[in-house]
Amino acid sequence: MKKVLFLLFLLVFFVPQLTEAQCAMCRAVLESEENNATAEGVNNGIVYLMAVPYILVAVIFYFVYKKMKS
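Just so it is clear, the structure is predicted and the values come from calculations on it, not from any experiment. (Residues numbered from 1 in each chain as written. Predicted model: local features only at pLDDT ≥ 70, side-chain atom pairs only at ≥ 80, totals over all residues. Heavy atoms only, no water.)

A. Spotlight on the overall build of the protein. Each helix and strand counted, the protein has three helices and zero strands in total. Reading the secondary structure of the protein in the N-to-C direction produces α-α-α. A buried classification covers 9% of the 70 residues belonging to the protein. Accessible area for the protein stands at about 6,500 Å²; split by element, carbon and sulfur atoms hold 73% of it. (Helix = DSSP H or I, 4+ residues; strand = E, 2+ residues; numbered from the N terminus. Buried < 20%, exposed > 50% of the residue type's maximum accessible area, 1.4 Å probe, protein only. Areas by Shrake-Rupley, 256 points an atom, 1.4 Å probe, with all protein chains shown as cover.)

Below, the structure is given as structure tokens:
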């Protein structure tokens with residue numbers, strides 16, 4: 001199980017094309033503009049906003065698991 005989680009972690013963090021996403025409205029507005037730097041900034045912001053809660057929950061579950069095991 002640990003190997004599967006580790007491989008999933010590597011896949012998500014070393015293949016960023018798979019993790020980039022945005023809502024339909026944001027995408028439509030940003031594709032109509034000429035400035036690609038703005039679009040990339042919005043993509044990065046969305047990824048950060050999405051990743052932080054999952055990381056926090058994973059850390060909490062890790063400590064709970066560690067506490068329950070000992």
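B. Inspection of the packing of aromatic side chains at higher detail. Per the stated rule, a full pass over the model turns up one aromatic pair. Where Tyr62 meets Phe63, the ring centres are 5.5 Å apart and the plane angle is 65 degrees; that geometry is what we call edge-to-face. Residue classification places Tyr62 among the partly exposed positions, given a relative accessible area of 46%. (Phe/Tyr/Trp six-rings, centres within 6.5 Å; stacked < 30°, edge-to-face > 60°.)

C. Seen up close, the layout of surface pockets. Volume-wise, the largest pocket comes out at about 920 Å³. Residue assignment for the lining of the largest pocket shows that the elements contributing at least two residues are helix 1 (2-14) and helix 3 (36-69). The element that contributes the greatest number of residues to the lining of the largest pocket is helix 3, accounting for twelve residues. The class makeup of the residues in the lining of the largest pocket is 20 nonpolar, one polar and one charged. (1 Å grid on protein atoms, 1.4 Å probe; cavity = no way out; pocket = protein on both sides within 12 Å on 5 of 7 lines; lining within 4 Å. Points joined across faces, edges and corners; volume = space filled by probe spheres on them. Nonpolar A, V, L, I, M, F, W, Y, C, P; charged D, E, K, R; others polar.)

D. Expanded view of the confidence of the model for the protein. Here the protein shows a mean pLDDT of 78. Residues at 70 or above account for 81%. Mean pLDDT across the elements of the protein bottoms out in helix 2 (residues 24-32) (70) and peaks in helix 3 (86). (pLDDT = per-residue confidence, 0-100.)

E. Summary view of a nonpolar patch on the surface. Residues Phe6, Leu7, Leu8, Phe9, Leu11, Val12, Phe13, Phe14, Ile55, Val59, Tyr62 and Phe63 make up a contiguous nonpolar surface patch of roughly 1,200 Å² in combined accessible area. Mapped onto the nonpolar patch, the elements with two or more residues apiece are helix 1 and helix 3. When residues of the nonpolar patch are assigned to their parent elements, the largest contribution, eight residues, is made by helix 1. Within the secondary structure layout, Tyr62 lies in helix 3. (Patch = residues over 30% accessible without salt bridge, like charges linked within 9 Å, V, L, I, M, F, W, Y side chains within 5 Å. Salt bridge = Lys/Arg side-chain N within 4 Å of Asp/Glu carboxyl O.)

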